[in-house]
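Coordinate inspection notes
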Amino acid sequence: MSLADATSLPFHLRGAFAPVLEERTDFELEVTGELPRELAGTYVRNGPNPRRDSPSWFAGEGMLHAVHLEAGRAACYKNRWIQGPYAPNTHVVAYADRLLALVESRRPVEVTRELETIGVFDFDGAVARSMTAHPKLCPHTGELLFFSYGATPPLLTYYRADASGRVVHTAELDVGVATFMHDFAVTRNYAVFYVLPVLLGDFRSPVPIRWADDVPARIAVVPREGRNADVRWFDVAPCTISHTVNAFEDGDTIVLDAVRAPRVMQPHALHRFRLDLQSGLASESEVCPRFLDFPRVAPGVVGARQRYAYVTELLDFTRDGGFTSTRAHRYDFETHALVTHDFGQAAMPGECVVVPRTERGAEDDAWALLFVHQRDGSATKLVILDARRFDAPPVAEIHLRGRVPFGLHGDWLPKKALRESADRE
Ligand SMILES: [Fe+2]
């Protein structure tokens, strides 16, 4: 970051990250290009919206932003604070006829499609403490696989919930050390956990995690129906994993693709780990050296071999933990080709959410939806790209009347995915 850019404000209060104060509801948004009529539903994204005195971006309270698409129109944009003593700020996931806002340190908060807070959702009391912000929805069974972790025992609890929202399996896993665990992975038969030399630090500091030289880097593999005694451990080189791309089984080997860095606050690159269940040995290789994060795959390939990942490229971290995004890419694991969408020097693209065009189509028969923010915080648009022609001009761009702060993760709610809250009882 150049001195010319320096201001007295930390990164999370200025530019594209600057919070918004008002809740808006805007109808009939301006569209450039042509919105596909069959793309009907709601794109929704979570992110921290820190107040002035917030010590860090990650401590900011969650605000949801939603854009409702219908019959080739951008019918409505809406943003709402999540209500309650601590508003989850990391992800928002549609599951079992519910929309759940998530942060890894707390239990989910359920909201309506209209973004009104319903309250804590704890799976009928089955989830007592917290839930990862990165659960995995199995496209084959409709199950939601997730975990809870914390600084005090039980350090890691693995959960499997059925398609109706009921927890059907719980296993406390003895990982020995309370590490920071932001994400995990699943395959058709296994869950995969990262027990890495990164510990939770002071949540009031700009970067609330710290490196621990004396903690070995290990990956734990447990059968989906497994318990602590079934865990297989794999030693890997010291590293930190920010986000999972995907994982799948290749015979007796679990292949794990993730964005990995050698230390905290260093650029993440796309890595492939191979965990051999026969020999108990792990190998790994860098598959793309660029500084990438926010990986997403098509929802239908979660836990199965994926060909494509959609990633956002970042620039080096600033000293206070800030960063800038530059471009979005589609990475092809078969050909190693990177297809780039460049939004221009003034733009900061967020995470791509992959929306299949049809229920059982090809993996890349899909749209990629993402917020693209002006770096100076002046404007935001929702951009729709054709996954097959990722570098082509956008299919459509929706120009929001208000701005949206750069944020974290989101999801797509097909038109009929949720009952209205009034229909629930
Ligand atoms: Fe995340």
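Definitions and limits used
- Residues numbered from 1 in each chain as written.
- Predicted model: local features only at pLDDT ≥ 70, side-chain atom pairs only at ≥ 80, totals over all residues.
- Heavy atoms only, no water.
- Donors = N, O, S within 2.8 Å, 3.2 Å for Na, K, Ca; no water.
- Tetrahedral: all angles 85-135°; square planar, octahedral: opposite > 155°, others 65-115°.
- Salt bridge = Lys/Arg side-chain N within 4 Å of Asp/Glu carboxyl O.
- Helix = DSSP H or I, 4+ residues; strand = E, 2+ residues; numbered from the N terminus.
- Buried < 20%, exposed > 50% of the residue type's maximum accessible area, 1.4 Å probe, protein only.
- Phe/Tyr/Trp six-rings, centres within 6.5 Å; stacked < 30°, edge-to-face > 60°.
- Lys NZ or Arg CZ within 6 Å of the ring centre and 35° of its normal.
- Pairing = 2+ DSSP bridges.
- Axes fitted to C-alpha atoms, helices over the stretch in contact; angles between N-to-C directions.
- Core = buried A, V, L, I, M, F, W, Y, C linked by side-chain atoms within 4.5 Å.
- Contact = heavy atoms within 4.5 Å.
- pLDDT = per-residue confidence, 0-100.
- Disulfide = S-S within 2.5 Å.

The coordination sphere of the iron ion contains the protein donors His-134 (NE2), His-182 (NE2), His-243 (NE2) and His-409 (NE2), at a distance range of 2.0 to 2.2 Å. Note that the iron ion binds four donor atoms; their angles at the metal cover 91 to 163°, and the shape is irregular.

With that settled, the discussion passes to the pattern of salt bridges. Applying the stated rule across the entire model yields 28 salt bridges. Between Asp-183 and Lys-136 there is a salt bridge, and its shortest N-O distance comes to 2.7 Å. Here the residue Asp-183 occupies a position in the loop between strand 13 (167–173) and strand 14 (185–186), and Lys-136 occupies one in strand 10 (residues 136–137), the gap between them amounting to 47 residues. You can call Asp-183 buried: its relative accessible area is 2%. Across the salt bridge formed by Arg-307 and Asp-332, the nearest N and O atoms sit 2.8 Å from each other. With Arg-307 in the loop between strand 24 (292–296) and strand 25 (308–314) and Asp-332 in strand 26 (residues 325–332), the pair connects residues that are 25 residues apart, well separated along the chain. Residue class for Asp-332 comes out buried when judged on its relative accessible area of 4%. One connected set of salt bridges, linked through shared partners, spans Glu-143, Arg-160, Arg-224 and Glu-225.

So, about unusual backbone geometry. For the peptide bond that leads from Pro-153 to Pro-154, omega is -5°, which places it in the cis range. Mapped onto the fold, Pro-154 is located in the loop between strand 11 (144–149) and strand 12 (156–161). Non-glycine residue Ala-71 carries a positive phi angle of around 50°. At Met-265, a position not held by glycine, the phi torsion is positive, near 60°. We classify Met-265 as partly exposed; its relative accessible area is 32%.

A few words on the packing of aromatic side chains. A full pass over the atoms with the stated rule returns 21 aromatic pairs. Ring geometry for Tyr-43 versus Phe-371: centroids 5.0 Å apart, planes at 90°, classification edge-to-face. You can see Tyr-43 sitting in strand 3 (residues 41–45) and its partner Phe-371 sitting in strand 30 (residues 366–374), a full 328 residues away along the chain. Among the residues examined, Tyr-43 registers a relative accessible area of 1% and is labelled buried. One residue, Arg-51, lies across the ring of Trp-81, its end atom 4.5 Å from the ring centre. One cation-aromatic arrangement involves Arg-218 over Trp-233; the distance from NZ or CZ to the ring centre is 3.6 Å.

What follows deals with the sheet that holds strand 6 (residues 91–95). Overall, antiparallel pairing links the four strands, which are arranged 6-7-8-9 in an open sheet. Both edges of this open sheet fall to strand 6 and strand 9 (117–120), since each of them pairs with a single strand only. In this sheet, neighbouring strand axes are inclined to one another by 30° on average, regardless of whether the strands run parallel or antiparallel.

Now for the nonpolar core. A general trend in soluble globular proteins is that nonpolar side chains are found buried together. Judged by nonpolar contacts, the single largest core of 51 residues is most densely connected at Leu-156, Tyr-158, Leu-173, Phe-193, Leu-270, Phe-343 and Leu-370. Filtering out sequence-adjacent residues up to four positions away, Phe-193 remains in contact with Phe-147, Leu-156, Tyr-158, Leu-173, Met-181, Phe-184, Arg-218, Ile-219, Ala-220 and Val-222. Core analysis: the next-biggest nonpolar cluster, separate from the first, contains 20 residues, Leu-35, Tyr-43, Leu-400 and Val-404 among them.

Time to look at the confidence of the model for the protein. Residues with a pLDDT of 70 or more make up 96% of the protein, whose mean pLDDT is 93. Contacts for the low-pLDDT stretch residues 1–6, under 50 throughout, to residues beyond four places or in other chains number four contacts.

Turning to the sheet that holds strand 25, a few remarks are in order. Taken together, the four strands give an open sheet; going across it, the order is 24-25-26-27, and neighbouring strands pair in antiparallel fashion. Lying at the two open borders of the sheet, with one neighbouring strand each, are strand 24 and strand 27 (338–342). Going across the sheet, the axis of each strand differs from the next one's by a mean of 25°, ignoring polarity. Summarising the sheet, strand 25 and strand 26 pair through seven bridges and their orientation is antiparallel. Residue pairing in the sheet places Ala-309 in a bridge with Tyr-331 of strand 26.

A few words on the pairing of strand 24. Within strand 24, five of the five residues are buried, leaving the element largely enclosed by the surrounding structure. Bridging between strand 24 and strand 25 involves three bridges; their strand directions are antiparallel. Counted as the bridge partner of Leu-292 is Glu-313 from strand 25.

Summed over the entire model, instances satisfying the criterion amount to zero disulfides. As a non-bridged cysteine, Cys-239 has Cys-288 as the owner of its nearest cysteine sulfur, 17 Å distant. The thiol sulfur of Cys-352 is not disulfide-bonded, and the nearest other cysteine sulfur, from Cys-288, lies at 14 Å. Relative accessible area serves as the criterion here: at 0%, Cys-352 is assigned to the buried category.

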